[in-house]
Amino acid sequence: MRLIDIGVEPFLVSSTVEGVMAQRLVRVLCRECRQPYVPRRSELPPDFPLDECLQRGERIYRAVGCRHCRGTGYSGRVGLYELLEANEEIRRLTSERTPSHIVKEAARQAGMKTLREDGWLKVRRGITSIDEVLRVTKAD
């Protein structure tokens, strides 16, 4: 349900909201059994920065399973986060009832990192797997 659908005018939202946060939980790779590998390009969505990872010598890990994680390959959870901070441009776009994809692009230009980008960062740091990020996010 959108705020406008329940009678909240855009100028009220744009003048009072400081930010909007989205979060998703992903499973953390088990440190005891995670396995480094180089994924095939056909396994990856176009927005995954594989070339950049390979150039930097970063390792990508996948879940395997062991006694420590009870065969799941994962142990615990971590959040993926996206914070849209309301700046003057975002406020203006909101009050003009601009479509959400344009507001999102303006936020990204102002430095917002999307859920998916935060997920890729956590894959590159060996915290979670590509499969987990794909499970809880959609392409930008």
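Position numbers for residues count from 1 along each chain, tracking the sequence in the order it is written. Side-chain atom pairs in this predicted model are given and counted only at pLDDT of 80 or more, local residue features only at pLDDT of at least 70, and totals for whole chains, interfaces and linings cover all residues. Side-chain calculation: all heavy atoms of the structure are included, whereas hydrogens and water are not.

### Some thoughts on unusual backbone geometry
Argument step 1. For arginine 70, which is not glycine, the phi torsion reads 60° and is therefore positive.
Argument step 2. Only DSSP runs of H or I reaching four residues or more are called helices, and only runs of E reaching two or more are called strands; each is numbered from the N terminus. Along the chain, the position of arginine 70 falls in the loop between strand S3 (60-62) and strand S4 (74-85).

### Quick notes on the nonpolar core
Argument step 1. Grouping buried Ala, Val, Leu, Ile, Met, Phe, Trp, Tyr and Cys residues that are joined through side-chain atoms within 4.5 Å yields what is termed a nonpolar core. Categorising residues by exposure relies on relative accessible area from a 1.4 Å probe, with only protein chains included: less than 20% of the type maximum marks a residue as buried, more than 50% marks it as exposed, and the intermediate range marks it as partly exposed. Listed in full, the ten residues of the largest apolar core are Tyr37, Leu44, Phe48, Leu50, Cys53, Ile60, Trp120, Val123, Ile130 and Val133.
Argument step 2. Listing elements by their share of this core, those giving two or more residues are helix H2 (50-56), helix H5 (115-124) and helix H6 (130-136).
Argument step 3. Note on definitions: a residue-residue contact is assigned when non-hydrogen atoms from the two residues lie within 4.5 Å. Contact partners of isoleucine 130, with chain neighbours within four places excluded, come to Tyr37, Pro39, Leu44, Phe48, Ile60, Trp120 and Val123.
Argument step 4. Ile90, Leu93, Val103 and Ala107 belong to the second largest nonpolar core, which has seven residues in total.

### A few points about the packing of aromatic side chains
Argument step 1. Two rings belonging to Phe, Tyr or Trp (six-membered ring only in the last case) form a pair when the distance between their centres is within 6.5 Å. Interplanar angles under 30 degrees mark stacking, angles over 60 mark edge-to-face geometry, and anything in between is tilted. In the structure shown here, the tally under the stated rule is one aromatic pair.
Argument step 2. Where phenylalanine 48 meets tryptophan 120, the ring centres are 4.6 Å apart and the plane angle is 80°; that geometry is what we call edge-to-face. Pair noted here: phenylalanine 48 is in the loop between strand S2 (35-37) and H2 and tryptophan 120 is in helix H5, with a separation of 72 residues, a long-range link. With respect to burial, phenylalanine 48 and tryptophan 120 carry one shared label: buried.
Argument step 3. Whether a charge sits over a ring comes down to the Lys NZ or Arg CZ being within 6 Å of the ring centre and within 35 degrees of the ring normal. Positioned over the ring face of tyrosine 74 is arginine 27, at 4.0 Å from the centre of the ring.
Argument step 4. A cation over a ring is seen here: arginine 34 above tyrosine 61, with NZ or CZ 3.9 Å from the ring centre.

Function-wise, these values are silent; they only describe arrangement.
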